[in-house]
Amino acid sequence: MKPYLEESSKVLDQLQTRSEGLNSDQVQKRSEQYGKNKLAEPKKESLLKRFLKELANPMILVLLAAAAISAVTGVISSSVHGESEGFADVFIILFVVILNAVLGVVQESKAEEAIEALKVMTAATSRVMRDGKVSFEKSEDLVPGDVILLEAGDSVPADCRILESASLKIEEAALTGESVPVEKISEALSSDAGEISLGDRKNMCYMGSTVVYGRGSAVVTNIGMNTEMGKIAGALTQVENEETPLQQRLAGLSKILTWLVLGISALIFAVELIRSFWGGGKPEFIDFLDSFMVAVSLAVAAIPEGLAAVVTIVLSIGVTKMSKRKAVIRRLTAVETLGCAQVICSDKTGTLTQNKMTVVRSYSVDENLLARGMALASDAEYDVEKKTAVGEPTECALVNFAAVTGQEKGALKEKYPRVAEVPFDSGRKMMTTVHRDGEGFLQFTKGAPDELLRRCDRYLSAEGILPLTDEKRSEILKENKAMADDALRVLACAFRNLDAKPEKEDSETLEKELVFLGLCGMIDPIRPEVKDAVAACRDASIRVIMITGDHIDTAVAIGKELGILSDASGAVRGAELDSMSDEELDRVIDRYSVYARVQPEHKVRIVTAWKRRGMVTAMTGDGVNDAPSIKSADIGVGMGITGTDVTKNVADMILADDNFATIVSAVEEGRKIYANIRKAIQFLLSSNLSEVIGIFVASMLNFTLLKPVHLLWINLITDSLPALALGMEHGEPDSMKQKPRDSKEGIFAGGVAFDIFYQGLIVSVLTLIAYFIGNGMDGAEHGTTMAFLTMSMAEIFQAFNLRSRRGSIFSMKKQNKWLWLAGGAALLLTTLVIEIPFLASLFSFAVIGATEYLIGLGLSILVIPAVELVKLIQRTLHKNS
């Protein structure tokens, strides 16, 4: 079937549907027949492949080599000395490696599940005619024969044949490469010239294209892989795994650490061999293997195997939490950037206000005609059953206003059917419709008062239609200002009578020589929580900028009420921005907190001016023309309720409730997530550093502090449970009282490097003390056992220290239950390993008594007062400075 060659009525017949859409039974049957309206997704890796990828980690390969050498050592020891100690090491290393790989796969799966859940939350929807009514359905649930409604900003969800076009223009660059939008028609095309190319099918629209102007309706002809986009889907299913800047820096750090540690390990290996030479001639093969195991111990101690996995899982948990607070993160990079936000540019309507418009004041000699004109020049519809309008909030207010005067939209449409229109756009700030009125035609135009008045040359008075004098124009503008000063949103309406239907449906033809009819003042109540959110931004050193298309007096009144500005000098009109060069705007950008009468292109200039100042900037938007500014911002914020598909697709974050307070909550959550990740990083690196220092000192003093299997066991616990528990930490109480973090700030900024060093040093000193005490009491085996106990638990207590980087943990009111569970589990497992004889023999531990156990545990607890003392000194120095 080639629907573009057929009349729309015939296409409807072929698809066994009608202009009112399918009924529920038809939809169900076709869903079963055709399946989902989705492109084929890339095949997911199998569990086995994921598991093998975990084993391909360079550090894991080193450990497997260590296991092999332990096996060789075990064979030699068994044959020479009758011992089989090496085989226990092989078993433990393989067990830990496999367990680590399984945990890696589980963590990766959890992260994927979180991202999949977010995809469901941001699933595209379409306006569909079903059972004769307009409903919002998931785009993936569309079936051939569905009739969809399209307007500016919508993404076309499937391949469709146009049924109705009101100045409908669609951008099809994704398919045809043509960047100029195509004006669509509903008539059948002629095929005299042979096959019609995709770009010339003006009565069709295709999946992946975008409506940029006008409105229309269309019937779905193909879905999913049967669409034109589906035919090239192979090139579209290549998914890139996005990494945040932090993850990229950590990946680089891990590589550096790996090579550095391998170099140091090689050096230690060489030192051990040289010592063997000096100690008694040519070293035996067993000495060679022992030297290698010392080097492996150092490598295992130094490389934080779980670092990348912990960061990924904390990020995924964080975005899931954010989604529960109505902030849906579409790109992981936004989580980091949110914590750096210094400027938030927000639309007024619906974001700072409730988007529940109500007409509370009018100015006209004929209120009925004013209400009729406003309703007819709107696309909102009146739901008779619910007794309220449905559609865009401002237009709903106007349609409800007409209903109050006894003029329901449905009845008006029957009496005055629409025959032509010029859709609203943000450049003109107006919309025009033409209606049949008996034998003639009646035109209504609604829009911004100052813009509409420029198109009027007459006005409706009690005496009839009179010329619009300068005196009357001033009176109208004065009334407009009076409404605006009371924080009302004001729209004007004009009309004219036509003898015939206009040949051209464009602004130049229709929007001139109009008769001014009147004004409607609407109130959109401020969201009650926004005032506190703006105050929270002020405390957090975040500048809030309000951007609106409203009159400047309305904008100033609302800006003052919200605490965004103190006087009118902090507000500027879009027209004034036009007269400024970029250099001039850069000089004065920090003077203004409110922008009125703004065009979409002004938003891009505002964002880029702040960015040139080096400020991390967030920008909200909902309309199709807002996409460029959202894309150019550091954090693009789309609206989940009123936002168009275009803005949602380019946004980094979507507000499910269109609420400004949600942005502030997301900033707070972003700061918390980043702070928790840094705590986890500091914890992991300080723990590994303590192991490195201990192993290095022991090798230099020619004794074995801990073996590779001991370090693996410690790292399995400390790299997973406590680090993840720190990622679940509550935000510090003063997180929104601090200045935003510098976006260029490194991992070790703010004294993190010093903290890692001194905290790692404390743990290693306590561990060495435990070894020497145990060695002095009952020999080396007891020393190693006590060192293991002290290091294991000192690192757990160190995790408690890091609940706050500078504050005392004893002043924290909230508890981290996950950290307590991790600490309890670590204590239990560590105790079992050293106290159960079978497990103790596997790890080459001595079964220690109560005295040694309490000494080892007591030493580990000392890390808390030691770090608390350093924190106290740091706080004092900071306060004095």
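Source: prediction; values computed, not measured.

Novice: Describe the overall build of the chain, and please don't skip the residues or the numbers.
Specialist: Helix and strand content of the chain: 33 helices and 25 strands. Classification of the 881 residues of the chain by burial places 53% in the buried group. Pairs at least 24 apart in sequence give 72% of the contacts found in the chain among residues at least 6 apart.

Novice: Report on the nonpolar core, specifying residues and quantitative values.
Specialist: Formed by 124 residues in total, the largest nonpolar core has its most connected members in Met 653, Phe 660, Ile 681, Leu 705 and Leu 706. With 16 residues, the top contributor of residues to this core is helix 25 (residues 660-700). Each residue touching Leu 705, except ones within four places of it in the same chain, is listed here: Gly 694, Ile 695, Ala 698, Thr 767, Leu 768, Tyr 771, Thr 784 and Ala 787.

Novice: Give a detailed account of the sheet that holds strand 25 (residues 653-655), specifying residues and quantitative values.
Specialist: Across the sheet, which stays open at both edges, the eight strands sit in the order 8-25-24-23-9-20-22-21 with mixed pairing between neighbours. A single partner strand is all that each edge strand has here, and the edge strands are strand 8 (327-329) and strand 21 (571-573). In this sheet, adjacent strand axes meet at a mean angle of 20 degrees when their direction is disregarded.

Novice: So what's going on with the side chain of Thr 790? Residues and values would help.
Specialist: Looking at the secondary structure, you find Thr 790 in helix 29 (residues 780-801). Residues within four places of Thr 790 in sequence aside, it is in contact with Leu 766, Thr 767, Ala 770, Gly 856, Leu 859 and Ser 860.

Novice: Got a sec to walk through the packing of aromatic side chains? Specific residues and values, please.
Specialist: According to the stated counting rule, one finds nine aromatic pairs in the structure shown. The interplanar angle of 70 degrees and the centroid separation of 6.3 Å between the aromatic rings of Tyr 592 and Tyr 595 together place this pair among those described as edge-to-face. The pair formed by Tyr 592 and Tyr 595 is uniform in burial state, with each residue classed as buried. With a centroid separation of 5.6 Å and 75 degrees between ring planes, the pair formed by Tyr 771 and Phe 772 is classed as edge-to-face. Of the residues examined, Tyr 771 reaches a relative accessible area of 4% and is grouped as buried. Residue classification places Phe 772 among the partly exposed residues on the basis of a relative accessible area of 43%. Among the aromatic residues, ring-to-ring pairing joins Trp 713, Phe 788, Phe 843 and Phe 845 into one connected group. Between Lys 169 and the ring centre of Tyr 213, over which it is positioned, the NZ or CZ distance is 5.5 Å.

Novice: Can you break down the pairing of strand 4 (residues 159-171) residue by residue, with the values?
Specialist: Two faces make up the sheet, and in a regular strand the side chains alternate between them. Note: strand 4 against strand 7 (residues 210-222), ten bridges, orientation antiparallel. Across the sheet, Cys 160 pairs through a bridge with Val 220, a residue of strand 7. Pairing of strand 4 with strand 6 (residues 204-205) involves two bridges; the strand directions are antiparallel. Looking at the pairing, Arg 161 lines up with Met 204 of strand 6. Note that strand 4 and strand 5 (residues 182-183) share two bridges and pair antiparallel. Bridge pairing links Lys 169 to Glu 183 in strand 5.

Novice: Now, about helix 32 (residues 850-861): what can you tell me, with residues and values included?
Specialist: With twelve residues, helix 32 extends 16 Å between its outermost C-alpha atoms, agreeing within 8% with the 16 Å of an ideal straight helix rising 1.5 Å per residue. Taken together, the buried positions of helix 32 are occupied by Glu 852, Tyr 853, Gly 856, Leu 857, Leu 859 and Ser 860. The arc enclosing the buried residues of helix 32, seen along the axis, measures out at 160 degrees, which places them on a common side. Opposite the packed face of helix 32, turned more than 90 degrees from it, sit the exposed residues Ala 850, Thr 851 and Leu 854. In this structure, the buried residues of helix 32 make contact with helix 28 (752-778), helix 29, helix 30 (817-835) and helix 33 (863-880).

Novice: Give a description of the environment of Asp 13 that names residues and reports values.
Specialist: Position of Asp 13 among the secondary structure elements: in helix 1 (residues 8-14). It is 9.5 Å that separates the C-alpha atoms of Asp 13 and Gly 145, two residues lying 132 residues apart in sequence.

Novice: Describe the state of the cysteines, listing the residues and the values that go with them.
Specialist: Counted according to the given criterion, the structure contains zero disulfides. In this model Cys 456 remains outside any disulfide bridge; the closest cysteine sulfur is found in Cys 493, 9.3 Å from its own.

Novice: Residues and numbers for the packing of helix 29 against helix 33, please.
Specialist: For the pair helix 29 and helix 33, interaxial distance at closest approach is 9 Å and the crossing angle is 35 degrees. Remark: the crossing between helix 29 and helix 33 carries right-handed chirality. On the side of helix 29, the interface is formed by Ala 794, Phe 797, Gln 798 and Asn 801, while helix 33 contributes Val 863, Ile 864, Val 867 and Lys 871.

Novice: So what's going on with unusual backbone geometry? Residues and values would help.
Specialist: A positive phi angle, close to 55 degrees, is found at Gln 16, a residue other than glycine. Relative to the helices and strands, Gln 16 is located in the loop between helix 1 and helix 2 (24-34). Although it is not a glycine, Arg 597 sits at a positive phi angle of roughly 50 degrees. Counting through the fold element by element, Arg 597 comes out in the loop between strand 22 (594-596) and helix 22 (600-612). Judged by relative accessible area, Arg 597 falls into the buried class, the value being 13%.

Novice: Give a description of the pairing of strand 18 (residues 489-498) that names residues and reports values.
Specialist: The buried count for strand 18 comes to eight of ten residues, which makes it a mostly enclosed element. When strand 15 (residues 440-447) meets strand 18, the two strands line up antiparallel, connected through seven bridges. For Phe 444, the partnering residue across the bridge sits in strand 18 and is Phe 495. Here seven bridges tie strand 18 to strand 19 (residues 514-523), and the two strands are oriented antiparallel to one another.

Novice: Which residues make up the pattern of salt bridges, and what values go with them?
Specialist: Scanning all chains against the criterion turns up 40 salt bridges. Among the ionic pairs, Arg 361 bridges to Asp 486, the shortest N-O distance being 2.7 Å. Residue Arg 361 is located in strand 10 (residues 358-363), and its partner Asp 486 is located in the loop between helix 16 (470-485) and strand 18; the two are separated by 125 residues in the primary sequence. Exposure remark for Arg 361: the relative accessible area of 28% places this residue in the partly exposed category.

Novice: Tell me what's going on with the environment of Ile 773, and back it up with residues and numbers.
Specialist: Relative to the helices and strands, Ile 773 is located in helix 28. For the pair Ile 773 and Gly 783, spaced ten residues apart in the sequence, the C-alpha separation amounts to 6.7 Å. When near neighbours in sequence (up to four residues on either side) are disregarded, Ile 773 contacts Met 786, Ile 855 and Leu 859.

Novice: Report on the side chain of Glu 795, specifying residues and quantitative values.
Specialist: Along the polypeptide, Glu 795 turns up in helix 29. This buried residue, Glu 795, is left without a salt bridge; Lys 871 holds the nearest opposite charge, at 17 Å. Here Ser 690 takes part through its side chain, which lies 3.3 Å from a polar atom of the side chain of Glu 795.

How each quantity is defined
- Throughout, residues of each chain are indexed from 1 in the direction in which the sequence is written.
- The predicted origin of the model limits local features to residues at a pLDDT of at least 70 and limits the giving and counting of side-chain atom pairs to 80 or more, whereas totals for whole chains, interfaces and linings rest on all residues.
- Water and hydrogen atoms play no part in the side-chain values, which are based on all heavy atoms of the structure.
- Secondary structure elements follow DSSP: runs of H or I of four or more residues count as helices, runs of E of two or more count as strands, with numbering from the N terminus.
- Each residue's exposure class comes from its accessible area (1.4 Å probe, protein chains only) as a fraction of the maximum for that residue type: buried when under 20%, exposed when over 50%, partly exposed otherwise.
- By definition in these notes, contact holds between two residues if any of their heavy atoms fall within 4.5 Å.
- The definition of a nonpolar core used throughout is a set of buried Ala, Val, Leu, Ile, Met, Phe, Trp, Tyr and Cys residues joined through side-chain atoms within 4.5 Å.
- Two strands qualify as a pair provided that DSSP identifies no fewer than 2 bridges between them.
- Convention adopted: a line fitted to C-alpha atoms gives each axis, helices being fitted over their contacting stretch, and angles between N-to-C directions are expressed from 0 to 180 degrees.
- Any Phe, Tyr or Trp ring, taking Trp's six-membered ring, that has another such ring centre within 6.5 Å forms a pair; planes under 30 degrees apart are called stacked, those over 60 apart edge-to-face, and the others tilted.
- Consider the ring centre and the ring normal. A charge sits over the ring if Lys NZ or Arg CZ is within 6 Å of that centre and within 35 degrees of that normal.
- To estimate the expected span of a helix, count its residues, drop one, and scale the result by 1.5 Å.
- Note that the arc is computed from the directions linking the helix axis to the C-beta atoms.
- By definition, disulfides here are pairs of cysteine sulfur atoms that lie within 2.5 Å.
- Here is the rule for handedness: rotate from the far helix to the near one, and if that takes an anticlockwise turn smaller than a right angle the crossing is left-handed, while a clockwise turn gives right-handed.
- What counts as a salt bridge is simple: a side-chain nitrogen of Lys or Arg found within 4 Å of a carboxyl oxygen of Asp or Glu.
- Under this rule, positive means Lys or Arg and negative means Asp or Glu; His and the chain ends count for nothing.
- Polar contacts here mean pairs of N or O atoms no more than 3.5 Å apart (in protein, one a potential hydrogen donor and the other a potential acceptor; neighbouring residues in sequence count only if both atoms are side-chain atoms).

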